[in-house]
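Spelled out, the chains give:
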Amino acid sequence: MSDSSDRPARKAVVIGGASGIGWATAQALAAEGCRITVADLNAAGARSRAAELGAPHTAAAVDVTDEDSVQRLFDDAGPLDIAVKCAGFSNVGLITDMPVADFRAVIDVCLTGSMIVMKHAGRHLRDGGSLVSITSLNGRQPGAGMSAYCAAKAGLSMLTQVAALEMGPRGIRVNAVAPGFVHTPLTAAAASVPGVIEDYVDNTALGRAGTPQDIANAVVYLCSPGSSWLTGEVLDINGGAHLKRYPDVMGHVMRLVEQS
Ligand code: NAD
């Protein structure tokens, strides 16, 4: 799948590239011969990741909730072949207790931020380019205490389909990957709650949680010529968790709180 050496390197921007799935994706696309801009809210993290990749890869600071910042990122990047939006986070709380500002904060990064990235990436992607977002198993499976995250990721799945329709005439493919439980800094706290990982794994077909590389492999495929007839798709990469039920994360947290 690697680019042949006489073809110019494909240019890719990976947002949320300083950590977890984004970092694995940046490395995987670099290994495919792409020239990467590692973009992240964590500017120092992005710089050190780009330095780890070495020249010609670069770093940029971006906040997906700030349209000016996203516009600057893509204006500076110029014409590109691949944009991957990984930035995201979740909070936990019952709807009846949740400050609306907390709900909005997750929607802002995971859903509105994805639209802002699609808007500006869509203006800079070359015809035939590829845009990939990271959504979640929670876009189709509800988790108690995760209202904002579930709603944002479900919205992102539909946004992906609309964008695929709109950008299809230019040959731009718009897809998403929906990971199940993947070990990253984002999930470290949940993974440390007794019972959470076991509950997830028991409710998969393949009997394990995921690695960032599992997800990066899917992103590389969605950006490659091998998927050239694939658009508007949300690819479940979760070991078969979508075939069963979502773990009772909130229940495990409550039991831990009661014991302490
Ligand atoms: P992570 O915390 O390791 O990495 C997320 C990165 O996004 C961080 O570097 C962070 O600085 C950056 N970021 C956060 N807010 C940002 C903003 N406003 N602008 C720019 N960058 C910002 O998390 P991860 O587990 O690698 O998650 C990556 C994506 O995968 C997220 O969208 C997450 O919802 C999704 N996802 C993760 C899992 C999992 O189990 N880890 C499962 C399903 C979906």
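Residues numbered from 1 in each chain as written. Predicted model: local features only at pLDDT ≥ 70, side-chain atom pairs only at ≥ 80, totals over all residues. Heavy atoms only, no water.

- Per an unreviewed UniProt entry, the chain is named 3-oxoacyl-[acyl-carrier-protein] reductase FabG, and its organism is Mycolicibacterium vanbaalenii.
- Turning to the chain, the UniProt record has this under Sequence similarities (unreviewed entry): "Belongs to the short-chain dehydrogenases/reductases (SDR) family." (UniProt positions renumbered as here; feature names shortened; annotations may be inferred.)

**Description of the overall build of the chain**
Here comes step 1: Check the secondary structure of the chain and you find nine helices and seven strands.
Here comes step 2: Taking 18 Å as the expected radius of gyration for a compact globule of 260 residues, we find that the chain reaches 18 Å, a close match to that expectation.
Here comes step 3: For the chain, the spread of C-alpha atoms along the three principal axes comes to 60 × 40 × 35 Å.
Here comes step 4: Taken across its 260 residues, the chain has 52% of its residues classed as buried.
Here comes step 5: Look at the contacts in the chain between residues 6 or more apart in sequence, and 71% of them connect residues 24 or more apart.
Here comes step 6: For the chain, the accessible area works out to roughly 11,800 Å², and carbon and sulfur atoms hold 57% of it.
Here comes step 7: With 20 positive and 25 negative side-chain charges, the chain shows a spacing of 4 Å between the two charge centroids. (Helix = DSSP H or I, 4+ residues; strand = E, 2+ residues; numbered from the N terminus. Rg over C-alpha atoms; globule rule 2.2 N^0.38 Å. Buried < 20%, exposed > 50% of the residue type's maximum accessible area, 1.4 Å probe, protein only. Contact = heavy atoms within 4.5 Å. Areas by Shrake-Rupley, 256 points an atom, 1.4 Å probe, with all protein chains shown as cover. Lys, Arg positive; Asp, Glu negative; His and termini not counted. Charge placed at Lys NZ, Arg CZ, Asp CG, Glu CD.)

**A few points about the site of the ligand**
Here comes step 1: Close contacts around the ligand come from 27 residues, with Ser19, Asp40, Cys86, Tyr149 and Thr184 the closest.
Here comes step 2: Between the ligand and Cys86 there is a distance of 2.7 Å, counted from an oxygen atom to a backbone nitrogen or oxygen.
Here comes step 3: Taken by itself the ligand offers 820 Å² of open surface, and the protein chains cover 91% of this.
Here comes step 4: Taken together, the elements giving at least two residues each to the shell around the ligand come down to helix H1 (20–31) and helix H5 (147–167).
Here comes step 5: Of the residues belonging to the shell around the ligand, the class tally is 15 nonpolar, nine polar and three charged. (Near = heavy atom within 4 Å. Polar contact = N/O pair within 3.5 Å; in protein donor to acceptor, adjacent residues only side chain to side chain. Nonpolar A, V, L, I, M, F, W, Y, C, P; charged D, E, K, R; others polar.)

**Examining the layout of surface pockets**
Here comes step 1: There is about 1,000 Å³ of room inside the largest pocket.
Here comes step 2: Along the walls of the largest pocket sit 45 residues, with Gly88, Phe89, Ser90, Tyr149 and Leu186 positioned nearest its centre.
Here comes step 3: Going through the elements one at a time, H1, H5, helix H6 (188–191) and helix H9 (249–259) are the ones with two or more residues in the lining of the largest pocket.
Here comes step 4: In terms of residue count, the dominant contributor to the lining of the largest pocket is H1 (three residues). (1 Å grid on protein atoms, 1.4 Å probe; cavity = no way out; pocket = protein on both sides within 12 Å on 5 of 7 lines; lining within 4 Å. Points joined across faces, edges and corners; volume = space filled by probe spheres on them.)

**Remarks on H5**
Here comes step 1: Its 21 residues place the ends of H5 30 Å apart at the C-alpha level, agreeing with the 30 Å of an ideal helix rising 1.5 Å per residue.
Here comes step 2: Listed as buried for H5 are Ser147, Ala148, Tyr149, Cys150, Ala152, Lys153, Leu156, Ser157, Thr160, Ala163, Ala164 and Met167.
Here comes step 3: As for H5, its buried residues are in contact with helix H4 (100–124), strand S5 (125–134), strand S6 (173–179) and strand S7 (234–237). (Expected span 1.5 Å × (residues − 1).)

**Quick look at the sheet that holds S6**
Here comes step 1: An order of S3-S2-S1-S4-S5-S6-S7 is seen for the seven strands of this open sheet, with the pairing classed as parallel. Whereas interior strands pair on both sides, the edge strands pair on one side only; in this sheet they are strand S3 (58–61) and S7. Between one strand axis and the next, the sheet turns through 20° on average, direction left out of account.
Here comes step 2: Strands strand S1 (11–15), strand S4 (80–85), S5 and S6 of the sheet are contacted by H4, whose axis makes an angle of about 170° with S5.
Here comes step 3: Sitting on the sheet, H5 touches S5, S6 and S7, and the angle it makes with S6 is about 160°. (Pairing = 2+ DSSP bridges. Axes fitted to C-alpha atoms, helices over the stretch in contact; angles between N-to-C directions.)

**Quick word on the nonpolar core**
Across soluble globular proteins, you tend to see nonpolar side chains buried next to one another.
Here comes step 1: Ranked by internal contacts, the top residues of the largest apolar core, which has 29 residues, are Leu29, Ile36, Val84 and Val177.
Here comes step 2: The set of elements that each furnish at least two residues to this core consists of S1, H1, strand S2 (35–40), helix H2 (43–53), S4, S5 and helix H8 (212–222).
Here comes step 3: At seven residues, H1 tops the list of elements feeding residues into this core.
Here comes step 4: Residues in contact with Leu29, not counting those within four places in the same chain, are Ala12, Val14, Cys34, Ile36, Ile82, Val84, Val220 and Cys223.
Here comes step 5: Core analysis: the next-biggest nonpolar cluster, separate from the first, contains 26 residues, Ile15, Ala60, Leu125 and Leu156 among them. (Core = buried A, V, L, I, M, F, W, Y, C linked by side-chain atoms within 4.5 Å.)

**Observations concerning the UniProt feature "domain: Ketoreductase" (unreviewed entry) in the chain**
Here comes step 1: This chain's UniProt record puts "domain: Ketoreductase" (unreviewed entry) on residues 10–180.
Here comes step 2: Counted over residues 10–180, helix gives 47% and strand 22%. Its end C-alpha atoms are 29 Å apart.

**Here we look at the pattern of salt bridges**
Here comes step 1: For the coordinates displayed, the defined rule picks out seven salt bridges.
Here comes step 2: Note that Arg245 is salt-bridged to Asp199, the shortest N-O span being 3.0 Å. Here Asp199 lies in helix H7 (residues 196–202) and Arg245 lies in the loop between S7 and H9, a separation of 46 residues in the sequence.
Here comes step 3: A relative accessible area of 42% places Arg245 in the partly exposed class.
Here comes step 4: A salt bridge links Arg208 to Asp214; the nearest nitrogen and oxygen atoms lie 2.8 Å apart.
Here comes step 5: The exposure class of Asp214 is partly exposed, given its relative accessible area of 22%. (Salt bridge = Lys/Arg side-chain N within 4 Å of Asp/Glu carboxyl O.)

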